[in-house]
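# Geometric and topological summary
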Amino acid sequence: MTTPIRVAVTGAAGQIGYSLLFRLASGETFGNRPVILQLLDLPIAEAQKKLEGVAMEVADCGFKSLVGIECYDDPKKAFANANWALLVGSKPRGPGMARADLIRENGPIFVGQGNALEGGASDLRVLVVGNPCNTNCLIAAANAGSVPKERFFAMTRLDENRAVAQLAAKAGVTNADITNVTVFGNHSESMYPDFENARIKGKPLTSVITDAAWLQGDFVAAVQNRGKAIIAARGASSAASAASAAIDHVKDLENVTPKGEWFSAAIWSDGSYDAPKGIYTSLPVISDGKGGYSVVQGLELSDWAKGKVKATNDELLAEREVVKDLLKH
Ligand code: NAX
């Protein structure tokens, strides 16, 4: 048998977990490679019972690619020899809670989980979904000792997918016709979805959607505020779409990126596009399909767009300041 891929998922008993686990196990994400799921949730009876229930349902699907499913309440056990770790679990933002309070509330989770990630496989890759995901990713990476910073990612793929859907609807084309959208910066309301370099059926998007006021105004605002709009409509935060984006992110990195295209992921900043170093910020990325990635260079941004990118990166610097005591050097 081919060596199974070990995929750890935290917060696996939560609402994103309920959409995510089935697609990780089904063969959709890793093709024919056998999968072992290593699931983590809180060490409290209610969470563990729910986790067991979800694991039962995953088992009941009878996926041919699933060769193991393990439930844990200890991150060290959950991450042991993991090839991928999807860090979904964190505390939700309570009513009236400031972003800085949420950061302080969730930061310590990612210190402990960062330590535990040292027990992952030598090719471990980590995707942080739990919010505030860029800064949680920074904390986890800073506490993961020998694991290279380039193995950590925070999820902005949902923002990219949201942008694609908005642009396709506006242009009256399908999602598949829209390519080369980049989300820059933080997964927060400051994020900037770049349309200036996007394409529709291979042509510059701005030659098809010529309504500049809509692009700079309603479009950017719709993507930035989509999370809130979902909560208002559904009474709960995005779950299936977030899980779907996490699957997209893993597939993007497992496969070679089609020539001329790219995808968005928050990565350890290499200074591209004037992003400050020392943060996880979203950039246009291509994958070599062998575990490596690089940042697409040479995209032209207007001064207006550069201002947006700077603002979202400034927010990340401010978030880093709030958690500086949690970052080892
Ligand atoms: P739920 O509250 O449904 O589930 C979270 C699960 O995590 C629960 O089962 C909880 O017991 C568990 N958990 C909490 N602390 C834990 C810890 N220290 N170790 C292990 N498990 C722990 O939330 P859900 O809707 O699944 O969302 C999870 C996270 O994703 C939230 O932080 C949410 O804000 C974030 N999101 C991120 C998105 C992104 O694009 N990056 C979009 C969707 C979502 O908002």
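Quantities reported herein were computed from a predicted structural model and do not represent experimental measurements.

With that settled, consider the overall build of the protein chain. Helix and strand content of the protein chain: 11 helices and 14 strands. Put simply, the protein chain has 329 residues, and 50% of those count as buried. The contacts of the protein chain with a sequence gap of at least 6 include a subset with a gap of at least 24, amounting to 73%. With the model as given, the accessible surface of the protein chain reaches about 14,200 Å², and the carbon-plus-sulfur share is 52%. Each charge sign in the protein chain was given a centre, from 34 positive and 36 negative side chains, and these centres are 1 Å apart.

Attention now moves to the site of the ligand. Contacts to the ligand come from 23 residues, most closely from Gln15, Ile16, Asp41, Ser90 and Asn131. Asn131 places a side-chain nitrogen or oxygen 2.9 Å from an oxygen atom of the ligand. The fraction of the free accessible surface of the ligand (870 Å²) that becomes covered by protein chains is 84%. Counting residues per element, the ones that place at least two in the shell around the ligand are helix H1 (15-25) and helix H4 (99-117). The class makeup of the residues in the shell around the ligand is 11 nonpolar, 11 polar and one charged.

Interfaces are often sized by the amount of accessible area the parts lose when they come together. According to the domain assignment, the protein chain consists of domain 1 (5-154) and domain 2 (157-322). Each partner contributes to the interface: domain 1 provides 31 residues, whereas domain 2 provides 36 residues. Joining domain 1 to domain 2, the criterion identifies two salt bridges. For Glu28, the salt bridge is made with Lys251, and the minimal N-O distance between the two is 3.4 Å. Joining domain 1 to domain 2, the criterion identifies 14 residue pairs in polar contact (both at pLDDT 80 or more). If you list the elements that add at least two residues to the side of domain 1 that touches domain 2, you get H1, strand E4 (84-87), H4, strand E5 (125-128), helix H5 (133-142) and strand E6 (152-154). Class assignment for the residues of the side of domain 1 that touches domain 2 results in 18 nonpolar, six polar and seven charged.

Bringing the sheet that holds strand E10 (residues 199-200) into the picture now. Sheets are built from strands paired through backbone hydrogen bonds, the pairs being either parallel or antiparallel. Strand order in the open sheet made by the three strands is E7-E10-E11, with antiparallel pairing throughout. For this open sheet the edge positions go to strand E7 (178-179) and strand E11 (203-204), each flanked by a neighbour on one side alone. Here E10 pairs with E11 via two bridges, running antiparallel. Within E11, the position partnered with Arg199 by the bridge is Pro204.

Conventions we followed
- Residues numbered from 1 in each chain as written.
- Predicted model: local features only at pLDDT ≥ 70, side-chain atom pairs only at ≥ 80, totals over all residues.
- Heavy atoms only, no water.
- Helix = DSSP H or I, 4+ residues; strand = E, 2+ residues; numbered from the N terminus.
- Buried < 20%, exposed > 50% of the residue type's maximum accessible area, 1.4 Å probe, protein only.
- Contact = heavy atoms within 4.5 Å.
- Areas by Shrake-Rupley, 256 points an atom, 1.4 Å probe, with all protein chains shown as cover.
- Lys, Arg positive; Asp, Glu negative; His and termini not counted.
- Charge placed at Lys NZ, Arg CZ, Asp CG, Glu CD.
- Near = heavy atom within 4 Å.
- Polar contact = N/O pair within 3.5 Å; in protein donor to acceptor, adjacent residues only side chain to side chain.
- Nonpolar A, V, L, I, M, F, W, Y, C, P; charged D, E, K, R; others polar.
- Domains from an automatic or database assignment.
- Salt bridge = Lys/Arg side-chain N within 4 Å of Asp/Glu carboxyl O.
- Pairing = 2+ DSSP bridges.

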